[in-house]
Amino acid sequence: IIRILADISLVILLIYVYLRFFKKDEFDTTPCIEGSLIAKLQTAYKLDKVVTGASVALILSLFLRFWSNGHIEVPAFGTRPFIASATIALGVFMIHGVLTKDAQKLEKSILITLITFILWNPISAFRQGVGVGYLLYLVAIIPLGVVYIKRHDAKKVVAEPQPVKQEDTKPEASIKE
């Protein structure tokens with residue numbers, strides 16, 4: 001019962017996050033990545049290699065053997081299907097953010113993706129037994145954390161006013177005639 005309540009509260013949280021950060025004025029039925037998927041991924045990779053590579057690794061990790069459920073290794077959908085679906089959507093949002101060069105949405109997507117690390121933390125995962133998918137998940141989440149920290153620090157540096165260095169000016173010597 002507790003697990004069902006936790007899943008329901010997670011769905012409510014995801015709906016809130018969607019309505020708060022990603023909602024549009026009108027419902028848009030166009031796909032967020034149009035055209036050739038491979039061409040769009042190549043374009044995104046040229047724009048931001050780290051975020052695109054980590055997003056693809058994040059999406060792929062959820063389909064591989066993630067961790068053990070009893071004695072059987074299952075993908076992430078086997079134990080937490082709602083979280084896995086939301087994580088895939090966040091990976092797509094990150095790639096879309098790179099393609100549209102929308103830094104604010106990209107930063108929010110990365111932050112929300114980093115929150116999934118709390119749900120799939122290494123302490124409980126290594127107790128249950130991890131698979132290749134979880135290791136790939138960790139390989140994807142660590143660079144995203146580094147990118148988020150660097151971008152957040154860069155904002156602080158730009159936002160802080162820089163002290164203006166004033167030079168001491170000496171009065172000009174009177175010109176002797």
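Residues numbered from 1 in each chain as written. Predicted model: local features only at pLDDT ≥ 70, side-chain atom pairs only at ≥ 80, totals over all residues. Heavy atoms only, no water.

Undergrad: An account of the overall build of the chain is requested, with residue identities and associated values reported.
TA: When its secondary structure is counted, the chain shows 8 helices and 2 strands. Going from the N terminus to the C terminus, the chain shows its helices and strands as α-α-α-β-β-α-α-α-α-α. Among the 177 residues that make up the chain, the fraction classed as buried is 31%. Intrachain contacts of the chain at a sequence separation of at least 6 include 69% that bridge at least 24 residues. Carbon and sulfur atoms form 64% of the exposed surface of the chain, whose accessible area is close to 12500 Å². (Helix = DSSP H or I, 4+ residues; strand = E, 2+ residues; numbered from the N terminus. Buried < 20%, exposed > 50% of the residue type's maximum accessible area, 1.4 Å probe, protein only. Contact = heavy atoms within 4.5 Å. Areas by Shrake-Rupley, 256 points an atom, 1.4 Å probe, with all protein chains shown as cover.)

Undergrad: Tell me what's going on with the nonpolar core, and back it up with residues and numbers.
TA: The biggest cluster of nonpolar side chains holds 30 residues, and the ones touching the most others in it are V51, F66, I110, W120, Y134 and Y137. The set of elements that each furnish at least two residues to this core consists of α3 (49–61), α5 (81–100), α6 (103–119) and α8 (132–159). Element by element, the count of residues in this core is highest for α8, at 8 residues. In this structure, W120 is in contact with L62, F66, W67, A76, R80, I83, A84, T87, Y134 and Y137, ignoring residues within four places of it in sequence. (Core = buried A, V, L, I, M, F, W, Y, C linked by side-chain atoms within 4.5 Å.)

Undergrad: Tell me about a nonpolar patch on the surface, residues and numbers included.
TA: Where nonpolar side chains cluster on the molecular surface, the patch consists of I4, L5, I8 and I12 and spans about 410 Å² of accessible area. Examined against the element boundaries, I8 turns out to sit in helix α1 (residues 2–22). The class for I8 is partly exposed, based on a relative accessible area of 45%. (Patch = residues over 30% accessible without salt bridge, like charges linked within 9 Å, V, L, I, M, F, W, Y side chains within 5 Å. Salt bridge = Lys/Arg side-chain N within 4 Å of Asp/Glu carboxyl O.)

Undergrad: Please give an account of the environment of A84 that cites residues and values.
TA: Here A84 lies in helix α5. When the C-alpha atoms of A84 and F63 are compared, they prove to be 9.1 Å apart, with 21 residues separating the residues in sequence.

Undergrad: Explain the side chain of D48 to me, and be specific about the residues and the numbers.
TA: Examined against the element boundaries, D48 turns out to sit in the loop between α2 (37–47) and α3. Note on D48: relative accessible area 15%, which makes it buried. Side-chain polar atoms of D48 contact the side chain of R151, separated by 2.7 Å. What D48 contacts, discounting residues up to four positions off in sequence, is V98 and R151. (Polar contact = N/O pair within 3.5 Å; in protein donor to acceptor, adjacent residues only side chain to side chain.)

Undergrad: Which residues make up the packing of α2 against α5, and what are the values?
TA: Where α2 meets α5, the axes come as close as 9 Å, and the angle between the chain directions of the two elements is 70 degrees. As summarised for this structure, α2 and α5 are arranged roughly perpendicular, according to the angle between their axes. Regarding α2 and α5, the two cross each other, and that crossing is left-handed. Together, K40, L41, T43, A44 and L47 of α2 and I95, V98 and L99 of α5 make up the contact between the two elements. (Axes fitted to C-alpha atoms, helices over the stretch in contact; angles between N-to-C directions. Parallel < 35°, antiparallel > 145°, perpendicular 65-115°, else oblique. Left-handed = near helix turned anticlockwise from the far one by under 90°.)

Undergrad: Explain the packing of α5 against α6 to me, using residue names and the numbers behind them.
TA: Following both chains from N to C, one finds α5 and α6 inclined at 155 degrees, their axes separated by 9 Å at the closest point. Comparing their axes, α6 and α5 come out roughly antiparallel. Considering the relative orientation of α5 and α6, their crossing is left-handed. Along the contact surface, α5 presents I83, T87, L90, F93, M94, G97 and V98, while α6 presents L106, S109, I110, I112, T113, T116 and L119.

Undergrad: Requested: an account of the side chain of T87, with residues and values cited.
TA: Examined against the element boundaries, T87 turns out to sit in helix α5. Here T87 falls in the buried class, since its relative accessible area comes to 0%. A distance of 2.7 Å separates a polar atom in the side chain of T87 from the backbone oxygen of I83. Excluding its chain neighbours within four sequence positions, the residues that come into contact with T87 are L58, L62, T116 and W120.

Undergrad: Quick rundown of the pattern of salt bridges? Include the residues and the values.
TA: Opposite charge on two side chains permits them to pair, given that their charged atoms come into close proximity. Considering all chains together, one arrives at 1 salt bridge under this definition. Between R151 and D48 there is a salt bridge; the shortest N-O distance is 2.7 Å. Residue R151 is located in helix α8, and its partner D48 is located in the loop between α2 and α3; the two are separated by 103 residues in the primary sequence. With relative accessibility at 28%, the residue R151 sits in the partly exposed group.

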